[in-house]
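Observations on the three-dimensional arrangement
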Amino acid sequence: MIEGGRSRRLRGPRRGDLSVAAIAELAGVSPPTVSKVLHGRTGVGESTRQRVEALLREHGFRRQVPAGSAYGLEVVCSNMLGSIAVEIMRGVEQVAATRQLFVGFTDVRSRVTAGLPWVEPLLLRQPVGVIAVVSGFTTEHRDLFEAAGVPLVALDPTGDVHPTPSVGSTGWSGALAATRHLLDLGHRRIGVITGPADFLASRARLDGVRAALDTAGVPFDKRLMRDGPFLYEYGRDLGAELLALPDPPTAIVCGNDLQAFGVYEAARLAGLRIPDDLSVVGFDDIEHCAWVAPPLTTVRQPFFEIGATAARMVLALADGERPSETLVELGTTLVVRDSTAPPRRNARIRSPW
């Protein structure tokens, strides 16, 4: 019951031993209401939800796990590129297999697009832990998992969800290496196409480009920068904008490989040859990079290792261990192929007609 704005505490149970009914009594609500909050369902007032979530966290509530049920790790994503998802899943599965755990995979794009909650179905499956690769992941999502007692690790989060444990790669140093490669080839007018401006990864990669230019004494020209989603169409359109400038770049660093493939098309439409007239660098090193013509120079992210690291981290959390660090960044590697070369002197855009 709620008395004088404070919850009446129950004596006896140890931390983490309270039942749904006990939490409900403390909050002055019904057990079904606690269940709705616990599983991320709608139909609960915001103030009530916050009160229940606070009690769940305060008492270290852990759901009772029915005997004989099968449990595993859940990997949840939103519109992730298939080749990247496979590598992450392979890494997660390798670690999960050492504990005889299955690995589930869910793409919540349709639910997010429809404005529906995606946490609920995951909690209903009662996973040992969840690895989230979801753009738009928020502190509210984190609080729901914490209230449910489900360990959570985020992969390359797009926003600040501290203190959620997370795993990513060294985007800053990767972009630094890519830009230094172009500078060493002799490029000075280097264009940049980044991902969405509010993504942490986008900002880190842009900062890496700027650091390389600054170290080389090359001014950063904002006119040579564009930002947009990590999609082929945006690489094509934004690349076309850069190539249409009166003094276009001789090289372009892209936020990911899909954007780089889009720049390939923009160059073709402008009558340019890669790398003779324009050098292009991507980021990720998806399998298609070795198949395009010319093969793409790019920054490789260790997606298998990222998945394995996240799995080890979430299982440690499930065992009650406290992580020594909440952010783990794995190293990137510049993979030089045939899409980069020294700039041609006085190269101009040629019309395809």
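Per chain, the residues get numbers from 1 upward, laid out in the order the sequence is written. Residues qualify for local features only when their pLDDT is at least 70, as the model is predicted, and side-chain atom pairs are given and counted only at 80 or more; totals for whole chains, interfaces and linings, by contrast, use all residues. Side-chain numbers here rest on the full set of heavy atoms in the structure, without hydrogens or water.

**Considering the pattern of salt bridges**
Opposite charge on two side chains permits them to pair, given that their charged atoms come into close proximity. Salt bridge, as used here: a side-chain nitrogen of Lys or Arg that lies within 4 Å of a carboxyl oxygen of Asp or Glu. According to the stated counting rule, one finds 15 salt bridges in the structure shown. Among the ionic pairs, E74 bridges to R125, the shortest N-O distance being 2.8 Å. Linking E74 in strand β3 (residues 72–77) with R125 in the loop between α6 (119–124) and β5 (129–133), this pair joins segments that are 51 residues apart in sequence. Here R273 and D276 are joined by a salt bridge, their closest N and O atoms 3.7 Å apart. Only protein chains enter the accessibility calculation, which uses a 1.4 Å probe; a residue whose area is less than 20% of its type maximum is buried, one above 50% is exposed, and one in between is partly exposed. Judged by relative accessible area, which is 41%, R273 ranks as partly exposed. By definition, any uninterrupted DSSP run of H or I lasting at least four residues is a helix, any uninterrupted run of E lasting at least two residues is a strand, and each is numbered from the N terminus.

**Structural notes on the sheet that holds strand β14 (residues 333–335)**
In short, DSSP must find at least two bridges between two strands for them to pair. Across the sheet, which stays open at both edges, the six strands sit in the order β9-β8-β10-β11-β12-β14 with mixed pairing between neighbours. Looking at strand neighbours, the two that pair on one side only are β9 (225–227) and β14, the edges of this open sheet. Going across the sheet, the axis of each strand differs from the next one's by a mean of 15 degrees, ignoring polarity. Pairing of strand β11 (residues 279–284) with strand β12 (residues 297–300), which is carried by four bridges, proceeds in the parallel orientation. Across the sheet, V281 pairs through a bridge with T297, a residue of β12. Whether two residues touch is decided by their heavy atoms; if any such pair falls within 4.5 Å, the residues are in contact. Interaxial angles span 0 to 180 degrees and are taken between N-to-C directions of axes, which are lines fitted to C-alpha atoms, for helices over the stretch in contact. Contacting β8 (190–194), β10 (251–254), β11, β12 and β14, helix α8 (residues 171–185) runs over the sheet at an angle of about 165 degrees to β11.

**Examining the sheet that holds strand β13 (residues 327–330)**
Pairing is parallel in the open sheet, where six strands are placed in the order β4-β3-β5-β6-β7-β13. In this open sheet, the two strands that pair with only one neighbour each are β4 (102–107) and β13. Between one strand and the next, the sheet's axes are offset by a mean angle of 20 degrees, whatever the strand orientation. Both β3 and β5 contribute to a ladder of five bridges, which runs parallel. Paired with E74 across the two strands is V130, which belongs to β5. Against the sheet, helix α4 (residues 82–97) engages β3, β4, β5 and β6 (152–155), with an angle of about 155 degrees to β4.

Geometry only, nothing functional implied.
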